[in-house]
Every structure is written in structure tokens, then in C-alpha cells.
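Chain by chain, the residues:
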Amino acid sequence: MRWQVPVFVCLASVLSVVPAASKDTGVSVRDAWIRETPPGMAMMAGYMELRNNTSRPQVLVAASSAEFGSVMIHRTIAKDGMAGMVHQPQIELAPNGSLVFAPGGYHLMLMTPKRALRAGDPVVINLEFRGGLVLPVAFEVRK
Amino acid sequence: MHRISLKFSIMITTVALAATLAGVWLAEIYRQHDSRAMLLPDRVMTLFPDPKPLTAFALTDDGKRVFDLAALKGKWSFLFFGFTHCPDVCPTTLAELARAHDEIAKSKGGAEMVQFVFISVDPSRDTASKLRQYVDYFDATFVGVTGDNAQIGNLAGQLGAAYQVAITPGMENYPVYHTAAVFLVDPQARYHAVFTPPHDGEAISKRFKVVRELVRGKAT
């Protein structure tokens, strides 16, 4: 999978669109996908690989999408021999580090999809970072 | 000459015999070592040397039929405890189990000797029809099962399957914790092995093949 070319949209200003290679604000995302679920299910999960291209920490604080009622950052954890999910208020990306959202670990919990999403459908999810950076990421629904 | 030759031939025969015996002995050691290696718990599966017979329980399947101890007899059963409002662990596991089923079904008689059972620990949300729709998506042969809390607890307890449903009044998406392990019950309804997450369908099907070979080896 090639690195997606992310587009940084400043919350305050509107017109400035900066390409991904920008070394100062660059967080890039690749292999962003959502697992297709049985029809009628109110919960889906999104996965991706995040990379911080800067030399300072970047903190993911929220995610949102017009396609879902709500989006939360979750992590599957083991607790007394059981798996459970915990809400992550924020996740820090180390300088020049990367972080993988994968089955059984970090994931975006996508609640109440507004339409039936099937394999191949593109879905945009906005990742919000501390400092106001919002990164719209194209996720692909996969079976 | 004749005597030397006789002595020589006896000696050769003895050496040859010893070598053959050593070979057989070594092969046996390797064979035992091999099967012992297969019995050792690894990251995929733990096989129990002394499978534990399960006792009576009463659950209901997604066609509202009784699913009890008899339903586990005559087939190898892969059991997984979860709930349908589970976005990460359950769909991931069921997708891998569907892959495992596809692999097992490739072998002769494979499809007929196994069943995959998804046991919902969340009966208040997972109705029979919802369960049917859910498991159908992953594999039309999968069976969805649930029941009252006491009976889910009964079977889960026998398998050491931990779960906790934290029903909170007024909270729609209450948290549910459950073991992510997959339990293998043999055709005599004995708890035979357990698969440890993260699951991989191909690895599960390969381990299952080893289990069947070992069981067949014991029977002969």
C-alpha cells in the first residue's frame, strides 16, 4: 500500500491546502480500512497506520465522520483473561514514530452508520490532532 | 579361510543388525519427540492430554431449537463466545474461523466433521434472528447460540471461558468483556483443546489436522 497523500485543512483558515510532505505538520496515514460487517450492525471498526513525519509529538484527540453517528478512539485490551474495549481520550505519536491501528488493538469505533457500507465503498474520516490539525483520511471498506 | 569368513560374516551381520536396531530406535525417538513437540502448548493451540468430558447444559440456537450437550456430539465443535455489538474482536475472529472452515472443508469429509458455534453472552440484545443474520454473514454453516445467563455461565464455566456483561441502565452501548479464545470440543463432547488469540484461520486448520492425526493414532 502506498502512503496516501493526506491533505491538511486548517480549522481556522479555509483555503490553505498543504501537501503531505510538509515536514512541520506532517502526519500521514496509509492502509486505512474499515471491516465490512453483517447487515444491520450498528458498530464497525476502522484500522490504519499513522506516521508522524515531524520531530515533535503529535497527539490524536478525536475522530469524526459524516457517515457515522459517532466515532471514538478505542483500544482492545486484555483484562483478567478477557478482551474488552477502552476509550482512549488521546493517543500520542512519538516524533518520527508510527502507530498501527489493527484488529485486536487500537481501532476507530464507528457507531451507527448512516447507510449500509459494503466492501469497496470509500468513507472519509477526519482525524483531529491537538493544535487544530484536521486530517481527512479516505478509508476503504473491506470484507 | 572358511572359519575367518564365517566369523567375518557373523561380525558383519551383528554390526548390520545393531545398526538397523539403532536406526529403528532413533526413528522411534524422533517420532516420539515429534509427537511430543506437537503436544506442547504453543502460541496457537494448547492440546489437553486428558480431554475433559462436558456435562449437561441447555442453550438455544438461532433457529430457536434446543442446543444442549447432545448438539456437541458426533462432530468436532469450535466454540467462540462473543456478542454482535462487538466491532473488533468478534468480526475478526469469525472471519478467521470462516477461513479455517474453508481450509478444513477442502479435506475429504472435512466439512461434515466440524461445526462452528458462536455463543452470545449478550442475550438481552442478541435475539435468535439477529444471531442468525450475524453468523450467516461470515459463514452460512455457522451456528449462533445463546440462552439465559445461568446456562451461558454453565457452559462457559466448564470451558474456563471468562466473560462479563456490564449492563448499565440507560446506557445503550454497555461494555462486554469476553475471552477471545476459541474452544475445541471433540465428537465425544470433551473439551479437547483451546486456540489462543490472535487467531489465524490457516494456523487453526493446520493444528486441527494435527489433533485429528493424533486422535486417529491413539485409536489404532
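Small disclaimer: the values here were computed from a predicted structure and weren't measured.

1. Digging into the overall build of chain A
Within chain A, the secondary structure is distributed over 0 helices and 12 strands. Of the regular secondary structure in chain A, the N- to C-terminal order runs β-β-β-β-β-β-β-β-β-β-β-β. Out of the 143 residues belonging to chain A, those deemed buried represent 33%. Considering only contacts in chain A between residues 6 or more positions apart, those separated by 24 or more positions represent 66%.

2. Topic: the sheet that holds strand β4 (residues 76-82) of chain B
Residue and element names in this part refer to chain B. Taken together, 8 strands build an open sheet; the order of strands is β1-β10-β9-β4-β5-β6-β2-β3 and the sheet is mixed. The open sheet has two edge strands, β1 (45-53) and β3 (66-68), and neither has a second partner. On average, adjacent strands in this sheet sit at an angle of 30° to one another, irrespective of strand direction. Here β4 runs beside strand β5 (residues 114-120); their pairing, made up of 7 bridges, is parallel. Opposite L79, over in β5, you have V117 as the bridge partner. Seen against the sheet, helix α4 (residues 128-138) touches β2 (58-61), β5 and β6 (143-146) and runs at an angle of roughly 145° to β6.

3. Points about the interface of chain B and chain A
Facing the 20 residues of chain B at the interface are 22 residues of chain A. Counting residues per element, the ones that place at least two in the side of chain B that touches chain A are α2 (89-106), α4, β7 (163-165) and β8 (176-178) of chain B. Looking at the side of chain B that touches chain A, its residues break down into 12 nonpolar, 7 polar and 1 charged.

4. With respect to the confidence of the model for chain B
All names here are of chain B. Looking at chain B, pLDDT values average 88 and 84% of them are 70 or higher. Note that residues 32-37 has pLDDT below 50 and, in this model, 1 contact with residues that lie over four places away or in other chains. Interface confidence for the predicted complex, given as ipTM, is 0.77, next to a pTM of 0.80.

5. Comments concerning the nonpolar core
In globular proteins that are soluble, nonpolar side chains generally tend to be buried together. Among the nonpolar cores identified, the biggest contains 52 residues, and F78(B), L79(B), F80(B), V117(B), F118(B), I119(B) and V182(B) are the most heavily contacted of them. By residue number, the principal contributor to this core is α2(B), which donates 6 residues. Excluding anything up to four places from it in sequence, L79(B) contacts V117(B), I119(B), V182(B), F183(B) and V185(B). Core analysis: the next-biggest nonpolar cluster, separate from the first, contains 28 residues, A63(A), F68(A), I73(A) and V137(A) among them.

Cut-offs applied
- Residues numbered from 1 in each chain as written.
- Chains lettered and ligands numbered in written order.
- Predicted model: local features only at pLDDT ≥ 70, side-chain atom pairs only at ≥ 80, totals over all residues.
- Helix = DSSP H or I, 4+ residues; strand = E, 2+ residues; numbered from the N terminus.
- Buried ≥ 20, exposed ≤ 12 C-beta atoms within 10 Å, placed from the backbone.
- Contact = placed C-beta atoms within 7 Å.
- Pairing = 2+ DSSP bridges.
- Axes fitted to C-alpha atoms, helices over the stretch in contact; angles between N-to-C directions.
- Nonpolar A, V, L, I, M, F, W, Y, C, P; charged D, E, K, R; others polar.
- pLDDT = per-residue confidence, 0-100.
- Core = buried A, V, L, I, M, F, W, Y, C linked by C-beta atoms within 7 Å.

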